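Breakdown of the fold
The lines below spell out each chain.
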Amino acid sequence: MHVFFGLIGIGCAYLIVRYRGQIINFTGPWGWAERFLGSGQSYSAAVFLGIFVFFFSVMVLTGGFDTFFRNVFGQFFLPPNH
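Below you will find a few notes about this structure. (Residues numbered from 1 in each chain as written. Predicted model: local features only at pLDDT ≥ 70, side-chain atom pairs only at ≥ 80, totals over all residues. Heavy atoms only, no water.)

1. A look at the environment of V53
To be explicit about the condition: Working definition: helices are DSSP H or I runs of at least four residues, strands are E runs of at least two. Numbering for both runs from the N terminus. Here, two residues are considered to be in contact whenever any of their heavy atoms come within 4.5 Å of each other.
With respect to the element layout, V53 can be found in helix α4 (residues 42–62). A sequence separation of 43 residues divides V53 from I10, and the C-alpha atoms of the two residues are 7.2 Å apart. For V53, the residues in contact, after removing those within four places along its chain, are G9, A13 and I16.

Here is the structure:
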């Protein structure tokens, strides 16, 4: 199942980066990106989003997300005797 979601995520990341112009034209300028990154930077924010989705998908694909989640948040979910 990890492989399936990882490959779907990588495909979505590619589509976000490839069609960022059409996405921005459809949704309009992203207010938060324009405010924090500067005028016309919605396109850069879309690329950053695509890169983030890509790395997150690779982590899911390789099992790294589970390891990361367990190491960072596992102490909150494990029984007290472990």
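Additional details are given in the paragraphs that follow.
2. Structural notes on the nonpolar core
Looking at soluble globular proteins, one finds that nonpolar side chains tend to be buried together. Note the threshold: Only buried Ala, Val, Leu, Ile, Met, Phe, Trp, Tyr and Cys residues count toward a nonpolar core, and they belong to the same one when joined by side-chain atoms within 4.5 Å. Accessible area is worked out with a 1.4 Å probe on protein chains only. A residue is then buried under 20% of its type maximum, exposed over 50%, and partly exposed in between.
Of all hydrophobic cores here, the largest spans 5 residues; its members are I24, W30, A33, A45 and A46. Contact partners of A33, with chain neighbours within four places excluded, come to G38, Q41, S42 and A45.

3. Overview of the packing of aromatic side chains
Think of a pair of aromatic rings as described by two things: how far the centres are apart, and how the planes are tilted against each other in angle. As a reminder of what qualifies: In summary, the pairing rule links any two rings of Phe, Tyr or Trp, Trp by its six-membered ring, whose centres are within 6.5 Å, and it sorts them by plane angle into stacked for under 30 degrees, edge-to-face for over 60 and tilted for everything else. Whether a charge sits over a ring depends on NZ of Lys or CZ of Arg being within 6 Å of the ring centre and within 35 degrees of the ring normal.
Per the stated rule, a full pass over the model turns up 7 aromatic pairs. Taken together, a centroid distance of 6.4 Å and an interplanar angle of 20 degrees make the contact between F52 and F56 stacked. In this pair, F52 and F56 are both assigned in helix α4, 4 residues apart and thus about one turn of the helix distant. By the ring-pair criterion, three or more aromatic residues cluster together here, those being F52, F56, F65, F69 and F73. Note that R18 overlies the ring of Y19, its terminal NZ or CZ placed 5.0 Å from the centroid.

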